[in-house]
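Coordinates in review
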Amino acid sequence: MARPFALLEVLLATLIAVLVAWRLRPDDPLLLTTQFPWLWLVSLVGALHYGSLAGAASGAMLMAAWHVLCGPSGAPFPMAHFAGGMTMALVAGHFCDIWSHRALRSQGINAYYSDRLVAITHNHYLLRVSHERLERDLLARPVTLRDALTRLRDLTVRRSGDVHGAPGGLPNAQPMLEFAALTCQIEVAALFPVRGDRLTTTPIARVGEGFEPDVDDPLVRHCLRESTLAHVKADDAASDNSPYLACVPLLDAEGALTSVLIVRRMPFLALNHDNLQLLLVLLAYYADGVAHQPLVASVRALVPQAPYDFALELGRLARLKRASGIESSLVALAFPRGARGDSLFEQTVRQRRALDVMWTIGTPRRQIAIALMPITDEHGIDGYLMRVETLLRQQYDVDFQSGHIAVHTAHIDAEAPGDGLLKLMERCVDHA
């Protein structure tokens, strides 16, 4: 739908075009006798740019101009001319409306894919670093990177109060910094909040002896200006004058700089690119957990046993539906216990799609697989169920009915995703 400013712009452009034509040809101000209806180009452009409402408004302006400029002369109203022009504007506007809706839908889908791509990129880097650290530091430091990420994820949860009530909006900042310092061998460091473009001098958390930051330090200025990791090896000029070894930014969900970790002392061998990159990724993972905590909490408030990744993805898809109206779905398959049912269950779990998130639940009588299917409507659910049933028929010569497999589906509730998941689980358990 065209905005009021867009309608005003189209009406003003139409009025200017009519005034120019009237100035050039006072005897034919609407250029009705020319071989081409030039004034309708304004309506056509407005309709293509802003939609059918703008095109209709421009056409109405032209008809009003005819009644004002040509009506008093007693000339008959050119019905065919205006009907053809209005039809052209409405068709062009309808084309604009359809493609604007498709573009909005595509933007929502692309934003979701971009979010998933960022998560996959971080996970890929963490996986590579995990293997390298496992090879080099297993004997010296038996804590794995998986344990580090699990610990950081737990630290994003407030045990009391609200995330915004935490210093700098960062819950458990002190335990987080102590754990990051232990993992990356940091001896003296402090986390300072950023207000506007300036670094405050009161730390949120610190390890080692306290110190007051130098806001004019070249490494600090570079980190504040670029919102990127700054360390002594990155800039030789800064290395000579800076008492700090590294400045690590901590960004919120929108990419805004909220805090800076200033490292003042660490072992010489630990001051390397890989260790600093690991520190940067750990802080980014912690910041992502803080940003995503409301999404996870909204689901886990009703379904506490939901896995973190499943709850996070469900919250993301509920937000996507609220923003763009794009449907996503939940499909639950309940398999009977036993050798045959276990085989069917394992085969179905292995066949999940790449974007789907799977959650498996065990009860005394059944095993339940709940698939969270992004950007999937009723037709997508039907295709998924048909593919699974065809696979089971080919592998085990059974279908859902003969295998006593219960199927439950639900669309994601944009306002209360946890409530929709809870109701789906209740249906599965009651059926079992």
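Note: the structure precedes this text.
Residues numbered from 1 in each chain as written. Predicted model: local features only at pLDDT ≥ 70, side-chain atom pairs only at ≥ 80, totals over all residues. Heavy atoms only, no water.

Let us now look at helix α12 (residues 378–396). In an α-helix, one turn spans 3.6 residues; hence positions three or four apart end up facing the same way. In a regular helix each residue adds 1.5 Å, so 19 residues correspond to 27 Å; α12 covers 26 Å between its end C-alpha atoms and thus fits that length. Buried within α12 are the following residues: I381, Y384, L385, V388, L391 and L392. In a view along the axis of α12, the buried residues occupy a sector of 125°, so they form one face of it. Residues of α12 that are exposed and point more than 90 degrees away from the buried face comprise H379, M386 and Q394. The opening residue of α12 is D377, an N-cap whose side-chain oxygen sits 3.3 Å from the backbone nitrogen of H379. Phi turns positive one or two residues past the end of α12, at D397, with a value near 60°. (Helix = DSSP H or I, 4+ residues; strand = E, 2+ residues; numbered from the N terminus. Expected span 1.5 Å × (residues − 1). Buried < 20%, exposed > 50% of the residue type's maximum accessible area, 1.4 Å probe, protein only. Arc of directions from axis to C-beta. Polar contact = N/O pair within 3.5 Å; in protein donor to acceptor, adjacent residues only side chain to side chain.)

With that out of the way, let us pick up helix α7 (residues 218–226). Burial in α7 covers these residues: L219, V220, C223 and L224. Down the axis of α7, the buried set is contained in an arc of 130°. They therefore lie on one face. Where α7 begins, one side-chain oxygen reaches toward the backbone nitrogen of L219, 2.9 Å away; that side chain belongs to D217. Where α7 terminates, the next one or two residues include S227, which has phi positive at roughly 55°.

Within the secondary structure, V91 is located in helix α4 (residues 79–137). Along the chain, V91 and G55 lie 36 residues apart, while their C-alpha atoms are 9.2 Å from each other.

Let us now look at the packing of aromatic side chains. Summed over all chains, the structure comprises six aromatic pairs. Ring centres of F95 and W99 lie 6.2 Å apart, and the angle between their planes is 50°; this geometry places the pair in the tilted category. Taken together, the positions of F95 and W99, both in helix α4 and four residues apart, correspond to about one turn of that helix. In this structure F95 comes out as partly exposed when scored by relative accessible area, which is 49%. In this structure an aromatic cluster arises from ring pairing among F192, F211 and Y244. (Phe/Tyr/Trp six-rings, centres within 6.5 Å; stacked < 30°, edge-to-face > 60°.)

Among the surface-exposed residues, L12, L15, I16, L19, V20, W22, L24, V68 and L69 lie close enough to one another that they form a single nonpolar patch of about 860 Å² accessible area. When residues of the nonpolar patch are traced back to their parent elements, those giving at least two are α1 (4–24) and α3 (52–69). Per-element tally for the nonpolar patch: the top contributor is α1, with seven residues. Mapping L69 onto the fold places it in helix α3. Of the residues examined, L69 reaches a relative accessible area of 34% and is grouped as partly exposed. (Patch = residues over 30% accessible without salt bridge, like charges linked within 9 Å, V, L, I, M, F, W, Y side chains within 5 Å. Areas by Shrake-Rupley, 256 points an atom, 1.4 Å probe, with all protein chains shown as cover. Salt bridge = Lys/Arg side-chain N within 4 Å of Asp/Glu carboxyl O.)

Turning to its location among the elements, T376 is positioned in the loop between β9 (366–373) and α12. Here T376 falls in the buried class, since its relative accessible area comes to 3%. Among the polar contacts made by the side chain of T376, one reaches the main-chain carbonyl oxygen of P374 at a distance of 2.9 Å. When near neighbours in sequence (up to four residues on either side) are disregarded, T376 contacts E327, S328, S329, R353 and I381. (Contact = heavy atoms within 4.5 Å.)

Along the polypeptide, G46 turns up in helix α2 (residues 40–50). Separated by 12 residues in sequence, G46 and S58 have C-alpha atoms that sit 7.6 Å apart. Filtering out sequence-adjacent residues up to four positions away, G46 remains in contact with V10, G51 and A54.

On to the packing of helix α11 (residues 339–350) against α12. Direction vectors running N to C along α11 and α12 enclose 130°, while the axes themselves pass 11 Å from each other. Classified by the angle between their axes, α11 and α12 sit oblique to one another. In the crossing of α11 with α12, the sense of the turn from one axis to the other is right-handed. Within the contact between the two elements, α11 uses S343, L344, Q347 and T348 and α12 uses V388, L391, L392, Q395 and Y396. Residues of the contact of α11 with α12, tallied by class, amount to five nonpolar, four polar and no charged. (Axes fitted to C-alpha atoms, helices over the stretch in contact; angles between N-to-C directions. Parallel < 35°, antiparallel > 145°, perpendicular 65-115°, else oblique. Left-handed = near helix turned anticlockwise from the far one by under 90°. Nonpolar A, V, L, I, M, F, W, Y, C, P; charged D, E, K, R; others polar.)

As far as function goes, none of this settles anything; it's purely spatial.
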